[in-house]
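Now for the letters of each chain:
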Amino acid sequence: MNPRFERTATLMNDRFGLFIHWGLYAIPARGEWVRSQERITNEQYQAYFEEFNPTLYDPRAWAKAAKAAGQRYAVLTTKHHDGFCLFDSELTDYKATNTPAGRDLIREYVDAFREEGLQVGFYYSLIDWYHSDYPAFGDRQHPMRAEESYKNREEQFDRYLEYMHGQVRELLTNYGKIDIMWFDFSYDDMTGEKWRATELIRMIRSLQPDIVIDNRLGGNIMAAEPEEYAGDFFSPEQIIPPRGIVNDLGEPIPWEACITLNDHWGYHATDKNYKSPRQVIRALVECVSKNGNLLLNVGPDAKGEIPKESLAILSVVGEWLRRNGDSIYGCGIAALPKPEWGRYTQKGNKLYAHIFDRGIGPIYFQGLKGKIKKARLLSDGSELHVETPWMADQYSDTDSGAFIHLAGGDLPDELDTVIELELTEEI
Ligand code: H79
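Residues numbered from 1 in each chain as written. Predicted model: local features only at pLDDT ≥ 70, side-chain atom pairs only at ≥ 80, totals over all residues. Heavy atoms only, no water.

Per an unreviewed UniProt entry, the protein chain carries the name alpha-L-fucosidase and comes from Paenibacillus rhizosphaerae.

S.K.: Would you mind showing me how to read the site of the ligand here?
M.R.: Of all residues adjacent to the ligand, which total 13 residues, the nearest are His-21, Glu-32, His-80, Asp-184 and Glu-237. Of the residues in the shell around the ligand, the class split is 5 nonpolar, 4 polar and 4 charged. (Near = heavy atom within 4 Å. Nonpolar A, V, L, I, M, F, W, Y, C, P; charged D, E, K, R; others polar.)

S.K.: Looking at this structure, I do not really get the pairing of strand 2 (residues 73–79). What am I missing?
M.R.: The buried fraction of strand 2 is high, at 7 of 7 residues. Where strand 1 (residues 16–20) lies against strand 2, 4 bridges are found, and the strand directions are parallel. Bridge pairing in strand 2 places Ile-20 opposite Leu-76. In the sheet, strand 2 pairs with strand 3 (residues 119–125) via 6 bridges, with the strands oriented parallel. Within the sheet, the bridge partner assigned to Leu-76 lies in strand 3 and is Phe-122. (Buried < 20%, exposed > 50% of the residue type's maximum accessible area, 1.4 Å probe, protein only. Helix = DSSP H or I, 4+ residues; strand = E, 2+ residues; numbered from the N terminus. Pairing = 2+ DSSP bridges.)

S.K.: Whenever I open this one, the sheet that holds strand 8 (residues 342–347) confuses me. Can you help?
M.R.: Working definition: the strands of a sheet are paired by backbone hydrogen bonds and lie parallel or antiparallel to each other. Reading across the sheet, the 4 strands line up as 8-9-13-11 and stay open at both edges, with antiparallel pairing between neighbours. Whereas interior strands pair on both sides, the edge strands pair on one side only; in this sheet they are strand 8 and strand 11 (372–377). Across the sheet, the mean angle separating the axes of adjacent strands is 20° when strand polarity is ignored. Note that strand 9 (residues 350–355) and strand 13 (residues 417–423) share 6 bridges and pair antiparallel. Opposite Leu-351, over in strand 13, you have Leu-421 as the bridge partner. On the sheet, helix 8 (residues 277–289) packs against strand 8 and strand 9 and is oriented at approximately 55° with respect to strand 8. (Axes fitted to C-alpha atoms, helices over the stretch in contact; angles between N-to-C directions. Contact = heavy atoms within 4.5 Å.)

S.K.: Explain the packing of helix 6 (residues 157–173) against helix 7 (residues 197–207) here, please?
M.R.: When two helices pack together, their arrangement is given by the angle between the helix axes and by the axis-to-axis distance. Across the interface, helix 6 lies against helix 7 with an axial gap of 10 Å and an inter-helix angle of 15°. For the element pair helix 6 / helix 7, the angle class is roughly parallel. The interaxial crossing formed by helix 6 with helix 7 has right-handed handedness. For the pair formed by helix 6 and helix 7, the contact residues are Met-164, His-165, Val-168, Arg-169, Leu-172 and Thr-173 on the first element and Glu-199, Leu-200, Met-203, Ile-204 and Leu-207 on the second. (Parallel < 35°, antiparallel > 145°, perpendicular 65-115°, else oblique. Left-handed = near helix turned anticlockwise from the far one by under 90°.)

S.K.: Before we go on, may I ask you to explain the sheet that holds strand 2 in this structure?
M.R.: Strand order in the open sheet formed by 7 strands is 5-4-3-2-1-7-6, and the pairing between neighbours is parallel. Taken across any chain shown, the strands that pair with only one partner, and hence form the sheet edges, are strand 5 (212–213) and strand 6 (255–260). Bridging between strand 6 and strand 7 (residues 292–298) involves 6 bridges; their strand directions are parallel. Residue pairing across strands places Trp-255 opposite Gly-292, the latter belonging to strand 7. Packing of helix 5 (residues 105–115) onto the sheet brings it into contact with strand 1, strand 2 and strand 3, and relative to strand 3 it is tilted by some 150°. Sheet contacts for helix 8: strand 1, strand 6 and strand 7; angle to strand 7, the most-contacted strand, approximately 150°.

S.K.: Just to check I follow, could you spell out empty space enclosed by the protein for this structure?
M.R.: Over the atoms rolls a probe the size of a water molecule, and its path tells where empty space is left. For the coordinates displayed, the defined rule picks out 2 cavities of 30 Å³ or more. Put simply, the largest cavity is a space of about 80 Å³. Asn-262, Tyr-274, Gly-299, Pro-307 and Ser-310 are the residues nearest the centre of the largest cavity, which is lined by 13 residues in total. Space inside the second largest cavity adds up to approximately 40 Å³. The wall of the second largest cavity is formed by Asn-324, Leu-377, Leu-378, Ser-379, Pro-412, Asp-413, Asp-416, Thr-417 and Val-418. For the lining of the second largest cavity, a count of residues per class yields 4 nonpolar, 3 polar and 2 charged. (1 Å grid on protein atoms, 1.4 Å probe; cavity = no way out; pocket = protein on both sides within 12 Å on 5 of 7 lines; lining within 4 Å. Points joined across faces, edges and corners; volume = space filled by probe spheres on them.)

S.K.: It is not clear to me how unusual backbone geometry should be interpreted in this structure. Could you clarify?
M.R.: Trans peptide bonds make up most of the peptide bonds, and negative phi angles are found at most residues other than glycine. Of note, the bond from Asp-184 into Phe-185 is cis; its omega dihedral lies within 30 degrees of zero at -15°. Mapped onto the elements of the fold, Phe-185 is located in the loop between strand 4 (180–184) and helix 7. Not every positive phi belongs to a glycine, and Arg-15 is a case in point at roughly 65°. Mapped onto the fold, Arg-15 is located in the loop between helix 1 (9–14) and strand 1. Residue classification places Arg-15 among the buried positions, given a relative accessible area of 5%. Phi is positive for Ala-29, which is not a glycine, with a value near 60°. Looking at Ala-29, the relative accessible area reads 10%, which means it is buried.

S.K.: Can you help me understand the environment of Gln-71 in this one?
M.R.: Within the secondary structure layout, Gln-71 lies in the loop between helix 4 (59–68) and strand 2. Judged by its relative accessible area of 2%, Gln-71 is buried. Distance in space between the C-alpha atoms of Gln-71 and Val-317 is 9.6 Å, their sequence separation being 246 residues. In this view, Gln-71 contacts Phe-16, Gly-17, Leu-18, Ala-66, Leu-118, Leu-296 and Leu-314; residues no more than four positions away in its chain are not counted. Separated by 3.0 Å, the side chain of Gln-71 and the backbone oxygen of Gly-17 make a polar contact. (Polar contact = N/O pair within 3.5 Å; in protein donor to acceptor, adjacent residues only side chain to side chain.)

Next comes the structure, spelled out in structure tokens:
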């Protein structure tokens, strides 16, 4: 791997993380963009600040759910675009400590996830719709973008940058070791040095030398010589890149797809468009088969609980991973092209065949004739036989292909049946 990406090695081995979007927007319960979409004023939004009281907030329960789901790291919104801080910042009064919650909710999150042995990440919004020095009138998405009374507001963006840099300093000073810094997001001319990004990155690296940072401060992580602030991994949102991510030199770039479980990041009371566990498992497999990670989102409600539908999905995924995790953790792209029945993942001389589509008859493995030392059903370790079926020598591709017979008409696991192939040599 390109030495530039060495610091991401642990994170990329872990493959599966939990994204958590939580803030005041859980109360209106129409997603985290509600202020922008409905052009809600500071005064109107203040009602939620005054009543924010998540009496069921139990980050240890979140951490246990993530752990049981097979997730190895988490990223929580310390501040989203609405500017509200879940942490006790000295630089603002707009924080959880001043709501009825009355305490630093980030500290409890960090402690709980550490205790479960998970890596800890912070999401921090570069955009801020509350701070009076963040451009409002004419901005692309500010709630007050068309409000005449904001037209002549004198914003001193440097003051916002002092604030933003200061908060990042607080977050990376006051909570011990932090594994991931997830900035969101740059747009138009609000990118790169507009954020004083090089200075910010140097400060971050001086505080947390091993931290992994996303690519949303701007710059071009795909360039042969990226900017110092271009980040450590690429962050496709709501999409798994069709061919993974490579840079202009053709080298693989670490990446992490972030995906919602329904159609919103923040809690939405009536959005029940949940993905199925099978879709989520196959999405995770797809990411790994293309050398990427999956950061799967939940949006806890105003009381502080992860929606039960999300918990149910996580639990099925976790049960599958408990038996099939060897085909995910530490695995990456295989040396073989995508097969017609599903996908491959690989780790050294272990090739994992993820059978999504049973077809009929034996499963065919192009190019593996004579190269399979052992075949096992990963979920229970039972042996499978490599056998050339009757008359198969009359088919043209049997020169290089191997066959494995699976009994029955259904797959042993309709979510994803994994066959572990131990190869005679690494291919
Ligand atoms: O934090 C989550 C999103 O809130 C944030 N990034 C993830 C991780 C994000 N902000 N903006 N975007 C993603 C892309 C912008 C989408 C938009 Fe829209 C389309 C803004 C306005 C139209 C989506 C749909 C949000 C509001 C309506």
